[in-house]
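A closer look at the structure
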Amino acid sequence: MGENRQPDWESALHRARTHAPFLARALERQPDLATLLATGDGEAALAWARAQAEHPDTEIALRRERLALAAALAVGDLAGAFPLARVVGELTGFADRALDRAIRTAIAERTGTESADGFIALALGKQGAGELNYSSDIDPILLFDRECLPRRSSDDPGDAAQRYARRVVVLLASNTAEGYALRVDLRLRPASEVSPLAVPVGAALTHYQGAALAWERAAFTRARAAAGDVAAGEAFLAAIRPFVWRVQLDFGAVEEIRALTQRIRDSHEGPPVPGPGFDVKRGRGGIREIEFYAQTHQLIHGGRDASLRLRGTRAALDALAAGGWIACENAVTLGEAYDRLRAVEHRLQMVHDRQTHALPEGEALDNVARLDGLKDGAALVAELAELTERTGRIYEDLIGARSASSTSVAIPASALAHSLGEWGFAEADTLAERIETWRDGRHAAIRSPQAVAAWDRIAPALLQAMAQSDDPMRAVTRWERIIESVPSAITTFRLLDARPDLIERLVATLTLAPVLSDELARKPELLDTLIDRDALKLPGDVLQIKARMQGAAIRADYEALLDAIRIITGEIRFALGIQLIEGLADPLDIARALSRTAEAALELAADATVEEFAAKHGRIAGSELLILGLGRLGGGALTHASDLDIVYLFTGDFAAQSDGPRPLGGTIYYNRLASRVSAALSVPTAQGALYEVDTRLRPQGNQGPLAVSCEAFGKYQREAAWTWEHMALARARVLYGSSPARAQLEAVLTEVLHAPRDRMALRDAVLGMRAEMAKHKPQSGPVDAKLARGGLVDIEFLVHYLQLRGEAADGRPLAEAAPHALDPDLAVALAGLADAGLLPADLAEPHRFMSRMLVAGRLLAPDGREPPPSGARALARACGCGTYDALIAAFDAARDEVARIWKQILGTDILETEQEQTV
């Protein structure tokens with residue numbers, strides 16, 4: 001029935017009575033309901049149906065409501081008054097209410113209370129998705145919390161939970177004089193062959209966090225806390241969310257889902273095309289294949305794209321299309337087909353209230369078609385044949401069924417060698433033999449017929465792109481390491497086949513930036529970053545990055561959090577590297593994003609380590625840890641090669657003692673805690689390393705304690721620190737600690753930085769330090785924007801000299817004339833010093849230009865030398881130059897400008913000095 005037509009209640013009632021014996025009997029048993037439907041008042045009919053639940057006997061109430069609701073919805077459906085979404089929504093709502101009432105009744109019968117605290121019913125399948133049909137089973141998972149489950153004092157919590165579960169099944173599923181309410185299937189629970197009907201929450205968490213299978217991930221994309229202790233159910237689903245929605249693409253799990261759906265299709269014994277016996281649920285192009293199509297894409301992309309975490313099939317298809325993950329035309333085709341197939345499924349079930357999905361034969365098929373409003377069974381079969389052919393082809397493109405059924409023809413080694421030579425590879429014969437070994441079954445990534453066929457499709461384009469790169473054999477070797485490491489690469493191959501633009505991105509990653517290619521070879525799971533549109537956007541603020549890290553932890557423990565921090569940090573750093581080499585973001589924005597990521601990692605790791613440490617050693621009253629960031633971390637502009645320059649401090653009395661089971665004195669306490677935080681940030685875990693932590697800028701450097709009190713820190717800075725240490729403090733920023741503690745440390749920094757200094761002594765110290773640095777750490781190559789004279793180090797020395805001098809051009813204190821001149825962010829400080837009349841405003845542009853060179857160069861030219869041609873073009877593009885020659889010319893001009901200002905302020909010619917040293 002078309003949605004734009006007026007509802008035809010008379011025809012619907014006639015067809016229901018003529019072609020659906022179950023509906024005819026239901027209308028006969030409920031004359032008041034039949035009268036309401038005859039008047040066309042569908043809403044009143046539904047209200048009447050819900051009112052049947054008011055009977056005090058739960059078994060009677062649920063069965064009467066179910067019968068009334070089924071009849072009202074069926075007639076409204078046939079009349080065209082209730083769209084599919086309304087029908088399945090009402091049926092699902094009844095299932096939720098019935099399950100909840102059954103749980104509370106079971107508990108009340110035993111305890112006298114209707115509280116369902118601690119007894120959880122998770123809805124999966126169509127109930128979870130809000131898509132129940134007329135004769136669906138419900139597939140709940142029943143969980144219980146031993147601590148708060150209502151029970152008699154003499155009952156063991158486990159025994160009580162099993163008693164409640166058995167009673168719930170009886171209340172819902174047993175056939176009485178009133179019929180049944182809902183069929184119940186509890187086989188989706190964890191390890192159902194050995195587990196009790198109701199599973200303890202702790203055991204379920206352990207299962208899903210470590211032993212669950214891929215199909216269970218797919219099932220939980222539709223999971224919902226539906227009845228009983230709903231709040232506890234939602235908390236449970238939140239706890240296992242990382243299991244379902246994995247941040248990293250699990251290629252093996254995705255392929256397992258595909259293999260499962262292929263086995264279901266292969267094992268289906270019904271006709272392959274619509275006709276008598278064809279199963280609209282399990283058959284080719286049927287309901288289940290459309291659902292699996294949506295779920296598979298959700299599993300691939302939903303870990304990163306939260307907009308895909310929807311339960312309904314139509315909603316999921318629409319979201320996948322909106323996100324660009326599937327073609328819009330496929331979403332429309334599958335969505336419309338899904339609605340129609342579900343309607344036909346309902347017609348089949350309306351006839352006798354049976355859980356059937358197969359088309360009947362002969363007159364029975366004509367009967368179903370006429371119930372639907374069609375002329376006869378032939379019309380229905382013709383419609384379904386055309387519909388399932390379209391959906392079946394779309395599904396086969398996903399699982400590779402058509403390519404697998406055809407023979408995959410490899411290019412003969414001799415022909416491959418010829419092509420490799422034409423494309424530009426050296427030693428083409430040897431390389432061809434090497435490439436042939438990739439598809440001979442030795443590597444799991446290219447073992448199945450589907451994987452081999454998918455590889456054969458992308459191989460020519462991928463190999464040609466490698467041949468055109470700056471380092472073809474590096475690309476081949478890195479790619480070989482990837483396919484040796486992953487359990488399955490078919491998903492990657494298919495994505496590369498569907499989106500050829502990704503091949504260029506992949507090859508650029510393998511060749512342009514050694515840091516990225518080495519990381520990709522170590523962690524092939526980073527491949528999914530290349531296909532994730534959202535991954536190639538700048539990350540959010542520190543809080544958003546922290547939330548992402550916390551959400552990636554697969555368990556609520558210290559080690560899992562440290563792994564999650566490493567996973568997300570690695571993904572963000574890798575994604576930012578891709579953005580940089582492709583020119584998708586300004587290197588200055590990338591530097592700030594790298595810094596935000598490090599700050600998020602540091603805050604989370606420090607918080608977790610403080611808690612872990614306190615569990616053993618307690619806390620020290622009135623005292624806490626502080627972490628001071630210096631260098632590029634303090635300035636909020638890291639590169640891919642940056643260490644974390646930090647200093648550990650603590651507030652309170654260094655002689656105080658902690659209050660834990662293993663108490664420690666203040667100094668020992670914070671030095672051990674600081675060491676643990678450094679380890680949390682630097683020691684490799686199963687997910688690899690994180691950062692190099694450099695604590696040499698602390699008082700007395702490596703000779704001093706790792707953590708000192710704020711009081712001792714201030715005393716050292718006032719009485720014993722060198723000028724270079726005060727210059728380092730000019731880029732200091734408090735990264736960790738409470739607001740009061742931060743204020744205390746910031747007061748110490750302000751006092752030190754604002755202290756009066758002898759101008760000439762300061763100048764001589766700055767010039768001496770810079771000369772020594774130039775002597776021992778000269779420019780490494782033509783694009784070394786940091787150490788080249790006139791480069792970034794010279795700008796930093798100028799800025800810090802003027803900051804420590806502390807006086808504006810008009811004689812006022814710098815903090816009064818231009819407070820932002822003391823900002824640890826050099827770009828902000830440069831603007832402040834210009835406002836104070838101490839630097840020309842046009843120094844900001846050389847600083848921006850060379851900062852871009854530094855950030856991009858750490859990836860594209862990590863040794864400071866001229867990169868290969870493609871890398872040189874990428875470096876020039878990142879810095880806003882059309883060619884590499886233009887980049888070098890702009891670099892020379894920027895250095896000249898810095899040298900001019902240096903001479904104007906400090907009185908020496910740094911470029912002449914550099915030339916003398918070179919000679």
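Source: prediction; values computed, not measured. (Residues numbered from 1 in each chain as written. Predicted model: local features only at pLDDT ≥ 70, side-chain atom pairs only at ≥ 80, totals over all residues. Heavy atoms only, no water.)

**Focus on the overall build of the protein**
Helix and strand counts for the protein stand at 43 helices and eleven strands. For the C-alpha atoms alone, the extent of the protein along its principal axes is close to 105 × 75 × 50 Å. Taken over 919 residues, the protein has a buried fraction of 55%. Carbon together with sulfur atoms contributes 51% to the accessible area of the protein, which is approximately 37000 Å² in total. Each charge class in the protein was averaged separately, 103 positive and 126 negative side chains, and the resulting centres sit 2 Å apart. (Helix = DSSP H or I, 4+ residues; strand = E, 2+ residues; numbered from the N terminus. Buried < 20%, exposed > 50% of the residue type's maximum accessible area, 1.4 Å probe, protein only. Areas by Shrake-Rupley, 256 points an atom, 1.4 Å probe, with all protein chains shown as cover. Lys, Arg positive; Asp, Glu negative; His and termini not counted. Charge placed at Lys NZ, Arg CZ, Asp CG, Glu CD.)

**Here we look at the side chain of R632**
Relative to the helices and strands, R632 resides in helix α31 (residues 631–634). Look at R632: it is buried, it has no salt bridge, and the nearest opposite charge is E796 at 4.4 Å. Setting aside its immediate chain neighbours within four residues, R632 contacts A637, L638, T639, S642, R731, E796 and L854. (Salt bridge = Lys/Arg side-chain N within 4 Å of Asp/Glu carboxyl O. Contact = heavy atoms within 4.5 Å.)

**Things to note about the layout of surface pockets**
Unoccupied space between atoms shows up once a probe the size of one water molecule is rolled over them. The volume enclosed by the largest pocket comes to roughly 1200 Å³. Lining the largest pocket are 38 residues, with D645, L697, M773, K777 and K786 positioned closest to its centre. Mapped by element, the contributors of at least two residues to the lining of the largest pocket are α31, α34 (723–729), α36 (759–776), α37 (792–805) and α40 (844–860). Element by element, the count of residues in the lining of the largest pocket is highest for α37, at five residues. Grouping the amino acids of the lining of the largest pocket by side-chain chemistry returns 15 nonpolar, eight polar and 15 charged. When its volume is computed, the second largest pocket comes out at roughly 920 Å³. Around the second largest pocket sit 31 residues that line it, and G125, D139, L188, K281 and R288 are the ones nearest its centre. Of all elements in the fold, only α7 (125–129), α10 (214–220), α13 (251–267), α14 (287–301) and α16 (328–352) reach the threshold of two or more residues within the lining of the second largest pocket. It is α14 that contributes the most residues to the lining of the second largest pocket, four residues altogether. (1 Å grid on protein atoms, 1.4 Å probe; cavity = no way out; pocket = protein on both sides within 12 Å on 5 of 7 lines; lining within 4 Å. Points joined across faces, edges and corners; volume = space filled by probe spheres on them. Nonpolar A, V, L, I, M, F, W, Y, C, P; charged D, E, K, R; others polar.)

**Some remarks on the nonpolar core**
Of all hydrophobic cores here, the largest spans 185 residues; its most connected members are W455, M466, W479, L628, F713 and L887. Not counting residues within four places of it along the chain, the set of residues in contact with L887 comprises V783, F849, M853, L875, A876, C879 and C881. Ranked by size, the runner-up nonpolar core spans 96 residues in total, among them V87, A121, F144 and V168. (Core = buried A, V, L, I, M, F, W, Y, C linked by side-chain atoms within 4.5 Å.)

**Digging into unusual backbone geometry**
Phi is positive for A191, close to 45°, though the residue is something other than glycine. Mapped onto the secondary structure, A191 falls in the loop between β4 (183–184) and β5 (198–200). You will see that E427, though not glycine, has its phi angle at about 50°, which is positive. Mapped onto the elements, E427 comes out in the loop between α20 (413–423) and α21 (428–436).

**Quick look at empty space enclosed by the protein**
What the rule picks out here adds up to seven cavities of 30 Å³ or more. The calculated volume of the largest cavity comes to roughly 120 Å³. What lines the largest cavity is a set of 14 residues, among which R66, N133, Y134, A181 and L182 lie closest to the centre. Sorting elements by how many residues they give to the lining of the largest cavity places helix α5 (residues 58–79) first, with three residues. Tallied by class, residues from the lining of the largest cavity come to nine nonpolar, three polar and two charged. By volume, the second largest cavity amounts to about 80 Å³. What lines the second largest cavity is a set of ten residues, and nearest its centre among them are T492, L496, L527, L530 and I531. Of all the secondary-structure elements, those providing two or more residues to the lining of the second largest cavity are α24 (490–498), α25 (501–511) and α27 (527–531). Counting residues per element, the lining of the second largest cavity draws most heavily on α27, which supplies four residues. Across the lining of the second largest cavity, the residue classes break down as eight nonpolar, one polar and one charged.

**Section: helix α1 (residues 9–19)**
Among all positions of α1, only W9, A12, L13, R15, A16 and H19 are buried. End-on, the buried residues of α1 take up no more than an arc of 165°, which puts them together on one face. When the buried face of α1 is taken as reference, the exposed residues oriented beyond 90 degrees from it are E10 and H14. Lining the buried residues of α1 we find α2 (21–29), α3 (31–38), α4 (42–51), α5, α16 and α17 (362–372). (Arc of directions from axis to C-beta.)

**Focus on helix α18 (residues 377–399)**
Owing to its 3.6 residues per turn, the α-helix aligns residues three or four sequence positions apart on the same side. Over its 23 residues, α18 runs 31 Å from end to end, which matches the ideal 33 Å to within 8%, given 1.5 Å per residue. Where α18 begins, the capping side chain belongs to D376, and its oxygen is found 3.2 Å from the backbone nitrogen of A378. (Expected span 1.5 Å × (residues − 1). Polar contact = N/O pair within 3.5 Å; in protein donor to acceptor, adjacent residues only side chain to side chain.)

**Considering the pairing of strand β1 (residues 119–123)**
Moving residue by residue along a regular strand, the side chains alternate between the two faces of the sheet. In terms of burial, β1 is a largely internal element, five of the five residues being buried. Residues F119, A121 and A123 of β1 are buried on one face, and the alternating residues I120 and L122, pointing to the opposite face, are buried as well. As defined by bridge partners, β1 adjoins strand β3 (residues 141–144) across four bridges and the pair is classed as antiparallel. Bridging across to β3, L122 finds its partner in I141. Strand direction decides the pairing type here: β1 and strand β6 (residues 224–228), joined by four bridges, are antiparallel. (Pairing = 2+ DSSP bridges.)

**Here we look at the pairing of strand β8 (residues 644–650)**
Within β8, seven of the seven residues are buried, leaving the element largely enclosed by the surrounding structure. Judged by which residues are buried, β8 turns out to be covered on both faces: L644, I646, Y648 and F650 on one side and D645, V647 and L649 on the other are all buried. By the bridge criterion, six bridges tie strand β7 (residues 625–630) to β8 in an arrangement that is antiparallel. Residue pairing for β8: L630 is matched across the bridge by D645. Taken together, the two bridges between β8 and strand β9 (residues 693–694) define a ladder with parallel strand orientation.

**Comments concerning the packing of helix α29 (residues 558–581) against helix α30 (residues 587–617)**
Where α29 meets α30, the closest approach of the two axes is 10 Å, and the angle between their N-to-C directions is 175°. Taken together, the axis directions place α29 and α30 in an arrangement best described as roughly antiparallel. Contact with α29, carried on its side by Y558, L561, L562, I565, T569, I572, R573, L576, Q579 and L580, involves I590, A593, L594, T597, A601, L604, A605, A608, T609 and E612 of α30 and no other residues of that element. Its residues placed into classes, the contact of α29 with α30 shows 14 nonpolar, four polar and two charged. (Axes fitted to C-alpha atoms, helices over the stretch in contact; angles between N-to-C directions. Parallel < 35°, antiparallel > 145°, perpendicular 65-115°, else oblique.)

**Observations regarding the pattern of salt bridges**
Counted under the stated rule, the structure contains 49 salt bridges. The shortest N-O distance in the salt bridge between E386 and R390 comes to 3.3 Å. Here E386 and its partner R390 are both found in helix α18, four residues apart, which amounts to about one turn of the helix. Here the residues in one salt-bridge network are D77, R340, R347, D372 and E383, joined through shared partners.

Purely geometric numbers; function is a separate question.
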